[in-house]
Amino acid sequence: MKITFLGTGTSQGIPVIGSNHPVCLSKNKKDKRLRVSILVAWDDYVYVVDCGPDFRYQMLRSGCTKIDGILFTHEHSDHIMGLDDIRPYYFKQGDISIYAHKRVLKALKVKFDYIFTTKNKYPGAPTVISNRVKNKPFKLHNLEVIPVNGKHNKLQVFGFKFGDFAYLTDMKTVKDKEIEKIKNIKVLVVNALRIEPHHSHFNLDEALSFIKKVNPEKAYLTHISHTLGFHDEIEKKLPKNVFLAYDELQITI
Ligand SMILES: [Zn+2]
């Protein structure tokens, strides 16, 4: 299985528009972060987790010529607003499968009504096949995917376990019962926004104590704000099995 980090930044991305913060002005490529998303590829299959406003550029940059579906963690704008840009895939492949919580499917229908409508549909609009995700394992071809339930302040969010890899973003609280699903996994990706606490995201300390509980072989941090600091400086301070993810990083599991 090959994972590509399409984006590793928080909702505004890095650099933030108009910001003079030193991290936003950094020349280091690893300090430039598009909105969070990953590509998960195995055998001949390619899935994307979340489809934010940078989706078009991320798919061009990764050279991805087809997708088998999109999984959504939750309905916040930085995770969904690229959905219109599935059109090139839709024109080539036909209807695109999406996987999300019932509430998220509903939110997508409100924001992208022209994609979901069946009446007087605009000829250039894409069509999706909605698959409802419950907190139960489901199959993507030959792979079992296990949802991991968590809370983003009060909002329910799904993380996903694909074999020996788990991807969790926008988490603030995860119950022990859910942590059991990913204990001792090979590779864990989890959000770490900044040093200071935040009402709906793990800060760095919370992410590190979460990683201790999960006890993965390796962990990567994502959904990073410019206020976390420079990539190279923060990474030096992390435990030896914990790394900062960065855009275009690829890992094989
Ligand atoms: Zn987010």
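All of these numbers come straight from a predicted model, not from anything done at the bench. Sequence positions are assigned chain by chain, starting from 1 and proceeding in written order. Totals for whole chains, interfaces and linings use every residue, but because this is a predicted model, local features are given only for residues with pLDDT of at least 70 and side-chain atom pairs only at 80 or more, for both listing and counting.

### Re the overall build of the chain
Our working rule: The secondary structure listing takes helices from DSSP runs of H or I that are at least 4 residues long and strands from runs of E that are at least 2 residues long, numbered from the N terminus. Note that the radius of gyration is over C-alpha atoms, with the globule rule given as 2.2 Å times the number of residues to the power 0.38. Burial is judged by counting the other C-beta atoms within 10 Å of a residue's own C-beta: 20 or more makes it buried, 12 or fewer makes it exposed, and any count in between marks it as partly exposed, with every C-beta position built from the backbone. By the criterion used throughout, residues are in contact when their C-beta atoms, derived from the backbone, lie within 7 Å.
Helix and strand counts for the chain come out as nine helices and 14 strands. Relative to the compact-globule value of 18 Å for 253 residues, the chain shows a C-alpha radius of gyration of 17 Å, a close match. Counting only C-alpha atoms, the chain reaches 55 × 45 × 35 Å along its principal axes. For the chain, the residues scored as buried account for 41% of the 253 residues in total. Nonlocal contacts in the chain, meaning residues at least 24 apart in sequence, comprise 60% of its contacts between residues at least 6 apart.

### Observations regarding helix α8 (residues 204–214)
The test is simple: For this quantity, the arc is that covered by the directions from the helix axis to the C-beta atoms.
Regarding α8, the residues found buried are Leu204, Ala207, Phe210 and Ile211. Around the axis of α8, the buried residues are gathered within 125 degrees of arc, so they sit on the same side. More than 90 degrees from the buried face of α8, the exposed residues found are Asp205, Ser209, Lys212 and Lys213. Those residues of α8 that are buried lie in contact with β11 (187–191), β12 (218–222) and β13 (242–244). Backbone geometry just downstream of α8 places Asn215 in the positive-phi region, at approximately 55 degrees.

### Comments concerning the sheet that holds strand β10 (residues 165–168)
Cut-off, in case you're wondering: A pair of strands counts as paired when DSSP detects no fewer than two bridges linking them. As a rule, the C-alpha atoms of each element are fitted with a line to give its axis, helices using only the stretch in contact, and angles between N-to-C directions run from 0 to 180 degrees.
An order of β7-β8-β9-β10-β11-β12-β13 is seen for the seven strands of this open sheet, with the pairing classed as mixed. The open sheet has two edge strands, β7 (138–140) and β13, and neither has a second partner. Recorded for the sheet is a direction-independent mean angle of 25 degrees between the axes of neighbouring strands. Sheet topology note: the β7/strand β8 (residues 143–152) ladder contains three bridges and is antiparallel. Of the residues in β8, the one forming a bridge with Phe138 is Val145. Each of β11, β12 and β13 is contacted by α8, which is oriented at about 155 degrees to β11, the strand it contacts most.

### What about the nonpolar core?
Generally speaking, nonpolar side chains in soluble globular proteins are found buried as a group. Note the cut-off: Here a nonpolar core is just a set of buried residues of the types Ala, Val, Leu, Ile, Met, Phe, Trp, Tyr and Cys, joined wherever their C-beta atoms sit within 7 Å.
Counting residues in hydrophobic clusters, the biggest one holds 61 residues, and the most contacted among them are Val190 and Leu221. Once you skip the residues sitting within four places of it in the chain, Leu221 turns out to touch Val190, Ala192, Ala207, Val242, Leu244 and Ala245.

### Thoughts on the UniProt feature "domain: Metallo-beta-lactamase" (unreviewed entry) in the chain
The condition is simple: UniProt positions are given in the numbering used here, feature names are shortened, and annotations may be inferred rather than shown by experiment.
When the UniProt feature table is mapped onto this chain, "domain: Metallo-beta-lactamase" (unreviewed entry) is found at residues 47–224. Strand forms 29% of residues 47–224 and helix 27%; the C-alpha atoms that close the span are 22 Å apart.

### A look at the sheet that holds strand β14 (residues 250–252)
Two orientations exist for strands paired in a sheet by backbone hydrogen bonds: parallel and antiparallel. The seven strands are arranged β6-β5-β4-β3-β2-β1-β14 in an open sheet whose pairing can be described as mixed. Whereas interior strands pair on both sides, the edge strands pair on one side only; in this sheet they are β6 (128–132) and β14. Direction aside, the axes of adjacent strands within the sheet are offset by 20 degrees on average. Relative to strand β2 (residues 37–42), strand β1 (residues 2–7) runs antiparallel, the two being bridged by five bridges. In the sheet register, Gly7 faces β2, and the bridge partner there is Ser37.

### Some details on the pairing of β2
Look at any regular strand and the pattern is simple: side chains alternate between the two faces of the sheet. Where β2 and strand β3 (residues 45–49) come together, five bridges link them in antiparallel fashion. Pairing of Val40 across the sheet is with Tyr47, part of β3. Here β2 folds back onto β3, and the loop between the two strands holds two residues, one of which, Asp43, carries a positive phi near 45 degrees.

### Looking at the environment of Thr65
Along the chain, Thr65 turns up in the loop between α2 (55–62) and β4 (69–71). Judged by the 11 C-beta atoms lying within 10 Å of it, Thr65 falls in the exposed class. As for Thr65 and Asp84, which are separated by 19 residues in sequence, their C-alpha atoms are 16 Å apart.

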